[in-house]
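Fold and contact review
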Amino acid sequence: MKLLYACADRADDPHLWSGLVSNCRQALLDTGVELAVFDRIPFECPVPLRLLHQAHKRLGRKTHLLQIEPVILRRAARRITDRFAQGDCDAVFCMGTGVPVYTYVPASVPVFTYLDATKRSWIKAYFGFESLCARSRRQVEEVDRVGLVNNTLSIFSSDWAKSEATRDYGVPAERVAVVPFGANLSEPPTYTQVAGWIEARRRDPLRLLFLGKEWDRKGGPDALALVHALRALGLPATLDIVGCTPVLGPADRALARLHGFIDHSAPAGRKQFHTILREAHVLLFLSHAEAYGIALCEAAAFGVPAYATSVGGIPTIVRHGETGWLSDEPFSPEAAAETLAANWRSPDQYRRVALAARADYEARLNWGVAGRSLVKHIADTLARRAGGSVP
């Protein structure tokens, strides 16, 4: 099987969508599938449309999304369609929720998309749908609807994203699937290494970890509140903060270690990042909005269970009481502290959850599994399409 791997940006960029696009590309290649990479599709935008966009930026109170304008997406779709017409590929594969270049590719072309959410659900979760101008709201609905109708199969990374698509647009169950994203780790540790690290983790202090560039959206203040709640219960908890450098008051600063952004695509950054993960006891992932949460997969690879909020795609990754713990919103630091304290005070219980997190990484949350699952979905769907059972 040969796929046309189409995207608006560089397919090998390790930073694009936290490395998802490049890691997915490699995962498909590792299955033995042949890829024809068709990336950096030109962003062709007419001058009047650019002027309209600038006017919205300067004068409007609502956001105008240039990347979903039909005239731009139709031009991108024509390029993909023309490339597919060369006849050397079996299907088109599009990864990511940036510029939806696949939207207007005709249904006669077999297109498989792999997304963390529909455009509508993504914007609603992160910014609120009403933050868009009326023109963009209409176009978001159109882009989602047309893409879901034209796609041969829309693959989502979580049950939440799939259910949002079926609820909002009435997509038949056979036209959608779920394949969790894998951890973006170029050098994952072995199970034996992780089991040893879990046993070697010091009991004092309880090292909690925050991972994320957006301190407020990722629940950083809630994470600090949880540290204080744990200390009130007599547990000497601390917080490692990776990905951002928030301004903290003296009381919070005394309990935290600020590491800032770490580029773990570079050897030095990767070594530092892996050391922090290896020594952490629990990842705090208290996001107020989250389509997926790739950091949860990376922590699981190192046997670090997560305490996370039950929003968006997070419940697809974290299994409450088995590989970590989930909290409904509004978040209660006192309730979270009681849960973590009970598990921390039982070394056997903590070890069980930590090892289960690693086992779940091996079973579901790595790119090897994701790649094989994607290829199976694509191959099965193409076979049904050839037999006339898929429109």
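You'll find the structure just up there.
Predicted, not measured: the structure shown is a model, and the values here were computed from it.

By volume, the largest pocket amounts to about 1,300 Å³. When residues of the lining of the largest pocket are traced back to their parent elements, those giving at least two are α1 (20–30), α4 (119–126), α10 (267–279), α11 (294–301) and α15 (367–386). Looking at the lining of the largest pocket element by element, the count peaks at seven residues for α1. By residue class, the composition of the lining of the largest pocket is 19 nonpolar, 14 polar and 12 charged. Approximately 220 Å³ is the volume found for the second largest pocket. Lining of the second largest pocket is provided by W197, A200, R201, R202, P205, R207, T238, R257, R278, E279 and H281.

With that settled, consider the packing of α4 against helix α6 (residues 159–169). Where α4 contacts α6, the axes come no closer than 9 Å and their chain directions differ by 115°. Classified by the angle their axes make, α4 and α6 are roughly perpendicular. Once α4 is placed against α6, the crossing between them reads as right-handed. Within the contact between the two elements, α4 uses R120, S121, K124 and A125 and α6 uses W160, E164, R167, D168 and Y169. Broken down by class, the residue content of the contact of α4 with α6 amounts to three nonpolar, one polar and five charged.

Considering all chains together, one arrives at 26 salt bridges under this definition. Among the salt bridges present, the one from R217 reaches E214, with a minimum N-O distance of 2.9 Å. Residue R217 is classed as buried on the basis of its relative accessible area of 16%. With a shortest N-O distance of 3.0 Å, K218 and E290 are connected by a salt bridge. Of this pair, K218 sits in the loop between β7 (206–211) and α8 (220–232) while E290 is found in the loop between β10 (282–285) and α11, placing the two residues 72 residues apart along the sequence. Here K218 falls in the buried class, since its relative accessible area comes to 12%. One salt-bridge network, in which partners are shared between bridges, spans R120, K124, E141, E164, R167 and D168.

So, about the pairing of strand β12 (residues 324–327). Where a strand is regular, its side chains alternate between the two sheet faces. Because side chains alternate across β12, one face comprises the buried residues G324 and L326, and the other comprises W325 and S327, equally buried. In the sheet, strand β11 (residues 306–309) pairs with β12 via four bridges, with the strands oriented parallel. Note on β12: the bridge partner recorded for Y307 is W325.

This next bit is on the sheet that holds strand β6 (residues 176–178). Read across the sheet, six strands follow the order β2-β1-β3-β4-β5-β6 without closing on themselves; strand pairing throughout is parallel. Edge strands, defined here as strands with exactly one partner in the open sheet, are β2 (34–38) and β6. Looking at each pair of strands side by side, their axes are set apart by 25° on average, direction ignored.

For E290, a relative accessible area of 6% corresponds to the buried category. A polar contact is formed between the side chain of E290 and the side chain of S287, at a distance of 2.7 Å. Contacts of E290, omitting those with residues within four sequence positions, involve Y126, R217, K218, F285, V311, G312, G313 and I314.

Turning our attention to the packing of aromatic side chains. Counted under the stated rule, the structure contains 14 aromatic pairs. With a centroid separation of 6.2 Å and 70° between ring planes, the pair formed by W17 and W122 is classed as edge-to-face. Taken as a pair, W17 in the loop between β1 (2–6) and α1 and W122 in helix α4 lie far apart in primary sequence, 105 residues in all. Overall, W17 belongs to the partly exposed group, its relative accessible area being 28%.

One open sheet accounts for six strands, arranged β9-β8-β7-β10-β11-β12; its pairing is parallel. Looking at the sheet topology across the chains shown, the edges are occupied by β9 (256–260) and β12. Geometrically, the sheet is characterised by an average inter-axis angle of 20° between neighbouring strands, direction not taken into account. Inspection of the sheet shows β7 paired to β10 by three bridges, in the parallel sense. Paired with L209 across the bridge in β10 is L283. The strands touched by α11 within the sheet are β7, β10 and β11, with β10 carrying the most contacts at an inclination of about 175°. Strands in contact with helix α13 (residues 333–344) are β7, β10, β11 and β12; relative to β11, the strand with the most contacts, it is inclined by about 160°.

Next up on the list: the nonpolar core. The biggest cluster of nonpolar side chains holds 60 residues, and the ones touching the most others in it are F93, M95 and Y114. Looking at which element gives the most residues to this core, the answer is α11, with seven residues. Core analysis: the next-biggest nonpolar cluster, separate from the first, contains 40 residues, F84, C89, L132 and Y169 among them.

Further remarks concern the environment of A306. Within the element layout of this structure, A306 appears in strand β11. Look at A306 and you get buried, because its relative accessible area is 4%. For the pair A306 and P205, spaced 101 residues apart in the sequence, the C-alpha separation amounts to 17 Å. With near-sequence residues (within four places) excluded, A306 lies in contact with V282, L283, L296, V318, T323, G324 and W325.

On to α4. Counting buried positions along α4 yields six of eight residues, so the element is predominantly enclosed. Turning to α4, its buried residues are K119, R120, S121, W122, I123 and Y126. Looking at the buried side of α4, the elements it contacts are α5 (134–150) and α6. A positive backbone phi angle near 90° is found at G128, which sits one or two residues after α4.

About the criteria used
Residues numbered from 1 in each chain as written. Predicted model: local features only at pLDDT ≥ 70, side-chain atom pairs only at ≥ 80, totals over all residues. Heavy atoms only, no water. 1 Å grid on protein atoms, 1.4 Å probe; cavity = no way out; pocket = protein on both sides within 12 Å on 5 of 7 lines; lining within 4 Å. Points joined across faces, edges and corners; volume = space filled by probe spheres on them. Helix = DSSP H or I, 4+ residues; strand = E, 2+ residues; numbered from the N terminus. Nonpolar A, V, L, I, M, F, W, Y, C, P; charged D, E, K, R; others polar. Axes fitted to C-alpha atoms, helices over the stretch in contact; angles between N-to-C directions. Parallel < 35°, antiparallel > 145°, perpendicular 65-115°, else oblique. Left-handed = near helix turned anticlockwise from the far one by under 90°. Contact = heavy atoms within 4.5 Å. Salt bridge = Lys/Arg side-chain N within 4 Å of Asp/Glu carboxyl O. Buried < 20%, exposed > 50% of the residue type's maximum accessible area, 1.4 Å probe, protein only. Pairing = 2+ DSSP bridges. Polar contact = N/O pair within 3.5 Å; in protein donor to acceptor, adjacent residues only side chain to side chain. Phe/Tyr/Trp six-rings, centres within 6.5 Å; stacked < 30°, edge-to-face > 60°. Core = buried A, V, L, I, M, F, W, Y, C linked by side-chain atoms within 4.5 Å.

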